[in-house]
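Residue-level structure breakdown
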Amino acid sequence: MLAFINLISTWAIPIIIAFVPLYAYYRKVLVYESFVDGAKEGFGTAISIIPQLVAMMVAISVFRASGALDFFLSFFTPFFQWMGVPSEILPLGILRPLTGTGSLAFTTDLIGTYGPDSMIGRIASTVQGSTDTTLYVLTVYFGAVGIRNSRYALKVGLLSDLVGFVAAIFICLLVFG
């Protein structure tokens with residue numbers, strides 16, 4: 001099973017990268033021109049979302065520097081230890097919906113400390129791929145198109161992050177444990 005997963009992970013991205021332009025050619029889409037037009041539109045969008053990005057970065061910095069992250073971790077650590085899940089993974093579950101860069105830095109640190117083939121490294125890598133930066137997505141994309149009421153999207157996004165986090169742990173323990 002591990003060999004099959006390795007084979008899929010080795011070939012998935014190259015196949016997708018080759019498939020998209022070939023499919024566009026088949027559909028008579030001018031790929032390069034479409035890309036350039038999209039890039040031009042992207043600059044205007046990038047400028048318009050800077051205030052939301054700054055606000056989100058400040059809020060995340062305050063969350064981490066105030067000790068709120070450590071406070072939340074202290075409640076969940078005993079449960080994770082009781083379940084047999086490495087408690088070192090828990091901060092990643094809290095950081096991932098908040099910040100992509102922060103969670104990637106944390107994952108890099110875990111992999112540097114425990115190794116990429118350790119259970120902690122495998123779970124951390126799988127969590128990175130199974131969850132999203134929900135608050136970033138809501139801030140950037142909803143801010144770019146002017147959506148003000150993101151109540152339901154926030155609930156669904158955080159719930160999907162939780163499901164992805166739990167599923168990543170479960171699957172890693174099942175496959176590698």
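Report on the accompanying structure. Here, residues in each chain are numbered from 1, in the same order as that chain's written sequence. The model is predicted, so local features are restricted to residues of pLDDT at least 70 and side-chain atom pairs to those at 80 or more, both for listing and for counting; the totals for chains, interfaces and linings are taken over all residues. For side-chain calculations, the full set of non-hydrogen atoms in the structure is used, while hydrogens and water are omitted.

Overview of the overall build of the protein chain
Put simply, the test is: The helix and strand labels rest on DSSP assignments: H or I over at least four residues marks a helix, E over at least two residues marks a strand, and numbering proceeds from the N terminus. The classification of residues rests on relative accessible area computed with a 1.4 Å probe and restricted to protein chains. Under 20% of the type maximum is buried, over 50% is exposed, and intermediate values are partly exposed. The contact criterion used is simple: two residues touch if any of their non-hydrogen atoms lie within 4.5 Å. Areas reported as accessible are Shrake-Rupley estimates using a 1.4 Å probe. Residue values count occlusion only from the protein chains shown. In this tally, Asp and Glu contribute negative charge and Lys and Arg positive charge; neither His nor the terminal groups of the chain are included. In this description, the location of a charge corresponds to atom NZ of lysine, CZ of arginine, CG of aspartate or CD of glutamate.
Scanning the protein chain from N- to C-terminus turns up nine helices and zero strands. Reading the secondary structure of the protein chain in the N-to-C direction produces α-α-α-α-α-α-α-α-α. Expressed as lengths along the three principal axes of its C-alpha atoms, the size of the protein chain is roughly 55 × 45 × 30 Å. When burial is assessed residue by residue, the protein chain has 28% of its 177 residues classed as buried. Intrachain contacts of the protein chain at a sequence separation of at least 6 include 66% that bridge at least 24 residues. Accessible surface for the protein chain amounts to roughly 12000 Å². Of this, 72% is attributable to carbon and sulfur atoms. On the protein chain, the mean spot of the 9 positive side-chain charges and the mean spot of the 9 negative ones are 10 Å from each other.

Examining the pattern of salt bridges
A side chain of one charge can pair with a side chain of the opposite charge if their charged atoms are brought near each other. Stated formally: Salt bridge, as applied in this entry: a Lys or Arg side-chain nitrogen positioned within 4 Å of an Asp or Glu carboxyl oxygen.
The tally for this structure, following the rule as stated, stands at one salt bridge. A salt bridge links D117 to R122; its shortest N-O distance comes to 4.0 Å.

Some points on the side chain of Q128
Note the cut-off: Think of a polar contact as two N or O atoms within 3.5 Å of one another; within protein, one of them needs to be a possible hydrogen donor and the other a possible acceptor, and neighboring residues in sequence only count if both atoms come from side chains.
Within the secondary structure, Q128 sits in helix 7 (residues 119–130). Residue class for Q128 comes out buried when judged on its relative accessible area of 15%. Here the side chain of Q128 touches S103 through a polar contact of 3.2 Å, side chain to side chain. Leave out the neighbours within four places in its chain, and Q128 touches L92, R96, S103, L104 and T107.

Examining the packing of helix 2 (residues 31–48) against helix 3 (residues 50–65)
In a pair of packed helices, the angle between the axes and the distance between the axes together describe the arrangement. Just so we agree on the cut-off: To define axes, lines are fitted to C-alpha atoms, for helices over the stretch in contact only, and angles between the resulting N-to-C directions are given on a 0 to 180 degree scale. What sets the label is the angle itself: under 35 degrees gives roughly parallel, over 145 gives roughly antiparallel, 65 to 115 gives roughly perpendicular, and the rest give oblique.
Two numbers describe how helix 2 lies on helix 3: the axes approach to 5 Å, and their chain directions differ by 45°. Viewed along their axes, helix 2 and helix 3 adopt a mutual orientation that is oblique. Here helix 2 contributes A46, I47 and S48 to the contact with helix 3, which in turn contributes I50, P51 and Q52.

Notes on unusual backbone geometry
Positive phi, close to 65°, is recorded for K28, a residue that is not glycine. By the element assignment, K28 lies in the loop between helix 1 (2–26) and helix 2.

Quick look at the packing of aromatic side chains
So the rule is basically this: Here a pair means two rings of Phe, Tyr or Trp (six-membered ring of Trp) with centres within 6.5 Å. Their orientation is stacked below 30 degrees between planes, edge-to-face above 60, and tilted elsewhere.
Scanning the model with the defined rule gives six aromatic pairs in all. Judged by centre distance (5.6 Å) and plane angle (20°), the ring pair of F19 and Y23 falls under stacked. Here the residue F19 and the residue Y23 both occupy positions in helix 1, the gap between them amounting to four residues, near one helical turn. Note on Y23: relative accessible area 39%, which makes it partly exposed. Both rings, one in F80 and one in F165, keep their centres 6.0 Å apart while their planes meet at 50°; by these two values the pair is tilted. One end of the pair, F80, is in helix 4 (residues 68–83); the other, F165, is in helix 9 (residues 151–176), and 85 residues separate them in sequence. In this structure, F80 and F165 share a single accessibility class: buried. Among the aromatic residues, those joined into a ring-pair cluster are F79, F80, W82 and F165.

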